[in-house]
Amino acid sequence: MVLATAALVWAQTTVNLPKAKEFRIERSMPKEAVACLECHRRESPGIFSDWTHSRHASANITCLDCHQAEEFDPDVSPDHYKQYERSDVPYGTKEYRVPVAAVVTPKDCSRCHPDEAKQYSRSKHANTREIIWKIDPWLKLGMNSDTEREAGCFHCHGTVVRMKDGKLDPASWPNVGVGRINLDGSKGSCTSCHTRHRFSVMEARKPEACGQCHLGPDHPQIEIYMESKHGDIYTAFGDEYNWNAAPGTWTPGVDFRGPTCASCHMSGAGTVLTTHDVTERLSWELQAPLTVRPSDFKPLPAQTNWQVEREKMQAICMQCHGKTWVTDHYVKMDKVVQEYNDVYFKPAKAMLDELYAKGLLDKTRFFDERLEVEYYELWHHEGRRARMGAAMMAPDYSWWHGFYECKKRYNNFMEEARHLVETNQKAYKATDYPNATGKTEPYQQVGP
């Protein structure tokens, strides 16, 4: 038996790097697991190195524990068998061949993390692919191409993983979207936040993990956070935080000074328990065209009571703030929601409905008339920024990137719309809208 160590791997594959801790991979491992590690030590040292620094490695959890599958599973990799027959791979005999799947899913992770997987499964994260099909005309009305969706939308929201000719279909893989539909029927990918192969709690606690997807003109939470006092404190003191505190023990005032996305929306504090359901603690659905309570959000009604969840979030806030500060913040946020709903969205929606009813806008396509774009961006861009900026205490986003831009968008929309109504004139319709070729029905799940 060859005894490989992480230190030996570093010596063979790297120079000028700090010595890694020693880790003997033969401890209580089956020979098949040792074969996996020996192969990946040579073939993919980056993967092996990440694993040696993980808590999985410390607990003797190997490639086999996560990737092993049954021969009849729909996502088994036939090519993996051939790799074990190569003469230059240690332990390269048929004795150690086992069926494996490249796609590790929340269902696989649930064998050791059942609570986390269950909480995640009911969250907006796990169901976000379904949400965008219901809420976003880019998809449901086929206004972009399949290639644009695969490279953009589905990279964060998730694909439906499919097999093609015995291999993972490149149209659906690689993908670690939070709402990915897996071949075993589970939803999502734990590696969206805990990236392979360290699966670090520390990494997922940092705002940059969330900023992979929560950025840009329509949901710039990472930019909003960094502008806020919370982000300023993180920038100044984040290198002093105890990012590696054990799960469930990360405590404000002890392990960190200012909150991150995770500490507000997921981590436990005081009497509030840790959760992997980011839908919890929300009292408004701020991404929706019309702001509603989470339980009233039609694409995915939350199974929560908004008042109970607000009390949870306020309890988190009061780990660092006084009660008056917290309750007054929520008074302000509720006023922002009401102003956006009543002053901007509802009149714009009523006008859009009137234009459709009078035949002045064409319902057969979306985004081929300028007013449809103006209406969409009013709620999807500026309207979200105004609401989210207020919720996360970033005044520049609430005003200059939010309500200020809402006013401009609203005025342009209403001015042209009223002119069309007064003159009974149909809106100019673009005839060359590029690449509006995507499917208008979501891919059906393949497998169980």
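About the thresholds
- Residues numbered from 1 in each chain as written.
- Predicted model: local features only at pLDDT ≥ 70, side-chain atom pairs only at ≥ 80, totals over all residues.
- Heavy atoms only, no water.
- Helix = DSSP H or I, 4+ residues; strand = E, 2+ residues; numbered from the N terminus.
- Buried < 20%, exposed > 50% of the residue type's maximum accessible area, 1.4 Å probe, protein only.
- Contact = heavy atoms within 4.5 Å.
- Areas by Shrake-Rupley, 256 points an atom, 1.4 Å probe, with all protein chains shown as cover.
- Axes fitted to C-alpha atoms, helices over the stretch in contact; angles between N-to-C directions.
- Parallel < 35°, antiparallel > 145°, perpendicular 65-115°, else oblique.
- Left-handed = near helix turned anticlockwise from the far one by under 90°.
- Nonpolar A, V, L, I, M, F, W, Y, C, P; charged D, E, K, R; others polar.
- Expected span 1.5 Å × (residues − 1).
- Arc of directions from axis to C-beta.
- Polar contact = N/O pair within 3.5 Å; in protein donor to acceptor, adjacent residues only side chain to side chain.
- 1 Å grid on protein atoms, 1.4 Å probe; cavity = no way out; pocket = protein on both sides within 12 Å on 5 of 7 lines; lining within 4 Å.
- Points joined across faces, edges and corners; volume = space filled by probe spheres on them.
- Salt bridge = Lys/Arg side-chain N within 4 Å of Asp/Glu carboxyl O.
- Core = buried A, V, L, I, M, F, W, Y, C linked by side-chain atoms within 4.5 Å.

The number of helices and strands found in the protein chain is 20 helices and two strands. A burial count over the protein chain gives 46% of its 448 residues as buried. Sequence separation of at least 24 residues holds for 60% of the intrachain contacts in the protein chain that already meet a minimum separation of 6. Looking at the protein chain as shown, the accessible area adds up to about 22700 Å², and 55% of this sits on carbon and sulfur atoms.

We now examine the packing of helix α17 (residues 306–317) against helix α18 (residues 323–357). Relative to each other, α17 and α18 sit at 130°, their axes nearing to 10 Å. Judged by the angle between their axes, α17 and α18 are oblique. The two elements α17 and α18 meet at a crossing, and its hand is right-handed. Contacts from Arg310, Met313, Gln314 and Cys317 of α17 reach α18 at Val326, Thr327, Tyr330, Met333 and Asp334. Its residues assigned to classes, the contact of α17 with α18 comprises five nonpolar, two polar and two charged.

Look at α18 against helix α20 (residues 395–423): their axes get within 10 Å of each other, and the N-to-C directions meet at 25°. Taken together, the axis directions place α18 and α20 in an arrangement best described as roughly parallel. Like other packed secondary-structure pairs, α18 and α20 cross with a definite hand, here left-handed. Judged by residue contacts, Val336, Tyr340, Val343, Tyr344, Pro347, Ala348, Met351, Leu352, Glu354 and Leu355 of α18 engage Phe403, Cys406, Lys407, Tyr410, Phe413, Met414, Ala417, Arg418, Leu420 and Val421 from α20. Tallied by class, residues from the contact of α18 with α20 come to 17 nonpolar, no polar and three charged.

With that settled, the discussion passes to α17. For α17, built from 12 residues, the straight-helix expectation of 16 Å at 1.5 Å per residue is met to within 8% by its first-to-last C-alpha distance of 16 Å. Those residues of α17 not exposed but buried are Glu309, Arg310, Met313, Gln314 and Ile316. The buried residues of α17 all sit within an arc of 150° when viewed along its axis, so they share a single face. The inward-facing, buried residues of α17 abut α16 (261–265) and α18. Where α17 begins, the capping side chain belongs to Asn305, and its oxygen is found 2.9 Å from the backbone nitrogen of Gln307.

Attention now goes to the layout of surface pockets. Quantified by volume, the second largest pocket comes out at close to 540 Å³. Considering the residues around the second largest pocket, the lining is formed by 25 residues, among which Ile135, Lys140, Pro289, Lys349 and Tyr375 are closest to the centre. Elements supplying a minimum of two residues to the lining of the second largest pocket: α9 (128–135), α10 (137–140), α18 and α19 (370–391). Ranked by residue count, the leading element in the lining of the second largest pocket is α18, at five residues.

Bringing unusual backbone geometry into the picture now. Note the cis peptide between Trp173 and Pro174, where omega equals 0°. With respect to the element layout, Pro174 can be found in the loop between β2 (167–168) and α12 (201–205). With phi around 60°, Asn435 is a residue other than glycine that occupies positive phi space. Summarising the element assignment, Asn435 is placed in the segment after α20. Overall, Asn435 belongs to the partly exposed group, its relative accessible area being 40%.

In the structure shown here, the tally under the stated rule is 25 salt bridges. Close ionic contact of Arg41 with Glu38 constitutes a salt bridge, the shortest N to O distance being 2.9 Å. In this pair, Arg41 and Glu38 are both assigned in helix α2 (residues 31–43), three residues apart and thus about one turn of the helix distant. Overall, Arg41 belongs to the buried group, its relative accessible area being 6%. Residue Glu285 is joined to Lys124 by a salt bridge in which the shortest nitrogen-to-oxygen separation is 2.8 Å. On the criterion of sequence distance, the pair formed by Glu285 in the loop between α16 and α17 and Lys124 in the loop between α8 (114–121) and α9 is long-range, its members being 161 residues apart.

With that out of the way, let us pick up the nonpolar core. Counting 35 residues, the largest nonpolar core has Leu355, Leu361, Phe366, Leu371, Tyr375, Trp379 and Phe413 as the members making the most contacts within it. Among the elements of the structure, α9, α18, α19 and α20 are those that each provide at least two residues to this core. Residue contacts for Phe413: discarding those within four places in its chain leaves Ala348, Met351, Leu352, Leu371, Glu374 and Tyr375.

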